[in-house]
Amino acid sequence: KNPYGLDEMSYQVEHTSKPPRSVAVGKGRYQAREISDVADALRDLPGASISVGSRREKQLYYRGFEPKQMAVLYDGIPIYVPYEGYVDLGKLPTANLAGIEVLNGADSVLYGPNSMGGAVNIVTWKPRKTFEGDVQVGWIDRDGKTASVNLGSKFERFYYVLGGDFAASNAFLLPLNFSGARNEDGKRRNNSDFTRKNGSFKAGLQVLGLKEDGVAWALDDNNKSLITAEMKAAADKAAEGIKSGSI
């Protein structure tokens, strides 16, 4: 008997498919707080922090990852800045959004490179009626103003959305008890004035669901004689089963 021999060993691994973890930021969450840009809408997420640079650009640091390690998508399409790669989330308004989805975990397979820390998917608003829209007016930073207009229309197979956003502030007002510091004389923060203008247009085709004959089968005239009534009934039954969810 070989003292160094090993008995046969077998391993069984059960594979479970789980969707990536995500955090949804709904429209009502940032509208109730009068938040006007994407960066401020993500500020209160667990593990998130917003950094404001020297050019007043706002960048997201999430769960210890830098902005370059986070993929930013607009309706599922990656957006980048060619020169340095940083996306200024403060330039993206929330007025025309339906929500924001932040995904963390193994998202690099789904969203490609630069997503080690996760991905931020910014979802824009789509109309649900023949014609609808909204107008918003507000104030920011105690000395600024913001306004936005969004209009959209939905037809049977087509929809479009047209929107505009404006925000401006003369300065960021400092607390009344602030007496000044080096490079800052008080009252108003130096170089804190800004103006932001955005315009957007989106059009697309409506994707039919199961109830709108999104699942059906076709029969050409050349093969019509080969299909029996029983075969047609089986095809109709399978289509109805897919629509109802039983298949």
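These numbers were taken from a predicted model, which means no experiment stands behind them.

1. As for the packing of aromatic side chains
For the coordinates displayed, the defined rule picks out one aromatic pair. Centre to centre, the rings of F155 and F158 are 6.4 Å apart; their planes meet at 20 degrees, and the pair counts as stacked.

2. Some words on the pairing of strand β7 (residues 119-124)
Every regular strand shows the same layout, with side chains that alternate between the two sheet faces. In terms of burial, β7 is largely enclosed, as five of its six residues are buried. Pairing analysis gives four bridges linking strand β4 (residues 71-74) to β7, with the strands arranged parallel. From the neighbouring strand, Y74 faces β7, where its bridge partner is I122. Direction of pairing for strand β6 (residues 97-104) relative to β7: antiparallel, over a ladder of six bridges. By the bridge assignment for β7, I100 is matched with I122.

3. Some points on the environment of K68
By the secondary structure assignment, K68 is in the loop between β3 (58-62) and β4. Expressed as a C-alpha distance, the spacing of K68 and Y80, which sit 12 residues apart in the sequence, is 9.7 Å. In contact with K68, not counting residues within four places along its chain, are E84, Y86 and N114.

4. Side note on the sheet that holds strand β8 (residues 132-140)
Spatially, four strands are ordered β8-β9-β10-β11 in an open sheet, and the strand pairing comes out antiparallel. If you trace the sheet from one side to the other, it starts and ends with β8 and β11 (194-205), each paired once. On average, adjacent strands in this sheet sit at an angle of 5 degrees to one another, irrespective of strand direction. Note: β8 against strand β9 (residues 144-154), nine bridges, orientation antiparallel. Along β9, the bridge assignment pairs I140 with G144.

5. Considering the side chain of K27
One can find K27 in helix α1 (residues 27-31). Look at K27: it is buried, it has no salt bridge, and the nearest opposite charge is D134 at 4.4 Å. Leaving out residues up to four positions away in the same chain, K27 has contacts with A95, L97, A98 and D134.

6. Overview of the environment of V149
Mapping V149 onto the fold places it in strand β9. The exposure class of V149 is partly exposed, given its relative accessible area of 39%. Separated by 14 residues in sequence, V149 and V135 place their C-alpha atoms 4.7 Å apart.

7. Here we look at the side chain of R196
As for its position among the elements, R196 is in strand β11. For R196, a relative accessible area of 6% translates into the label buried. A polar atom in the side chain of R196 sits 3.4 Å from the backbone oxygen of S36. Separated by 3.1 Å, the side chains of R196 and D165 make a polar contact. When residues no more than four places from it in sequence are discounted, the contact partners of R196 are S36, D37, G90, K91, P93, T146, D165, F166 and A167.

8. Some words on helix α4 (residues 229-244)
In a regular helix each residue adds 1.5 Å, so 16 residues correspond to 22 Å; α4 covers 22 Å between its end C-alpha atoms and thus fits that length. Two residues or fewer after α4 comes G245, characterised by a positive phi angle close to 95 degrees.

9. Quick word on the nonpolar core
Proteins that are soluble and globular tend to have nonpolar side chains buried together. Core analysis: the biggest nonpolar cluster contains 22 residues, and V38, L42, L60, L89, I100 and V120 have the highest contact counts within it. Ignoring any residue separated from it by four or fewer positions in sequence, one finds L42 in contact with V25, A48, L60, L89, I100, V102 and V120.

10. Observations regarding the pairing of strand β10 (residues 158-169)
Across 11 bridges, the pairing between β9 and β10 is antiparallel. Counterpart to G152 in the pairing with β10 is V161. Remark: three residues form the turn of the hairpin made by β9 and β10, two consecutive strands paired antiparallel. Relative to β11, β10 runs antiparallel, the two being bridged by 12 bridges. Bridged to D165 within β11 is N198.

11. Side note on the pattern of salt bridges
Applying the stated criterion across every chain yields a total of six salt bridges. When the shortest N-O distance is used, the salt bridge between D44 and R33 registers 2.5 Å. Of this pair, D44 sits in the loop between α2 (38-41) and β2 (48-52) while R33 is found in the loop between α1 and α2, placing the two residues 11 residues apart along the sequence. Here D40 ties to K58 by a salt bridge, and the two come within 3.1 Å at their closest N and O atoms. Note that D40 is positioned in helix α2 and K58 in strand β3, a separation of 18 residues in sequence. Here the residues in one salt-bridge network are D37, D40, R43 and K58, joined through shared partners.

Rules and cut-offs
- Residues numbered from 1 in each chain as written.
- Predicted model: local features only at pLDDT ≥ 70, side-chain atom pairs only at ≥ 80, totals over all residues.
- Heavy atoms only, no water.
- Phe/Tyr/Trp six-rings, centres within 6.5 Å; stacked < 30°, edge-to-face > 60°.
- Buried < 20%, exposed > 50% of the residue type's maximum accessible area, 1.4 Å probe, protein only.
- Helix = DSSP H or I, 4+ residues; strand = E, 2+ residues; numbered from the N terminus.
- Pairing = 2+ DSSP bridges.
- Contact = heavy atoms within 4.5 Å.
- Axes fitted to C-alpha atoms, helices over the stretch in contact; angles between N-to-C directions.
- Lys, Arg positive; Asp, Glu negative; His and termini not counted.
- Salt bridge = Lys/Arg side-chain N within 4 Å of Asp/Glu carboxyl O.
- Polar contact = N/O pair within 3.5 Å; in protein donor to acceptor, adjacent residues only side chain to side chain.
- Expected span 1.5 Å × (residues − 1).
- Core = buried A, V, L, I, M, F, W, Y, C linked by side-chain atoms within 4.5 Å.

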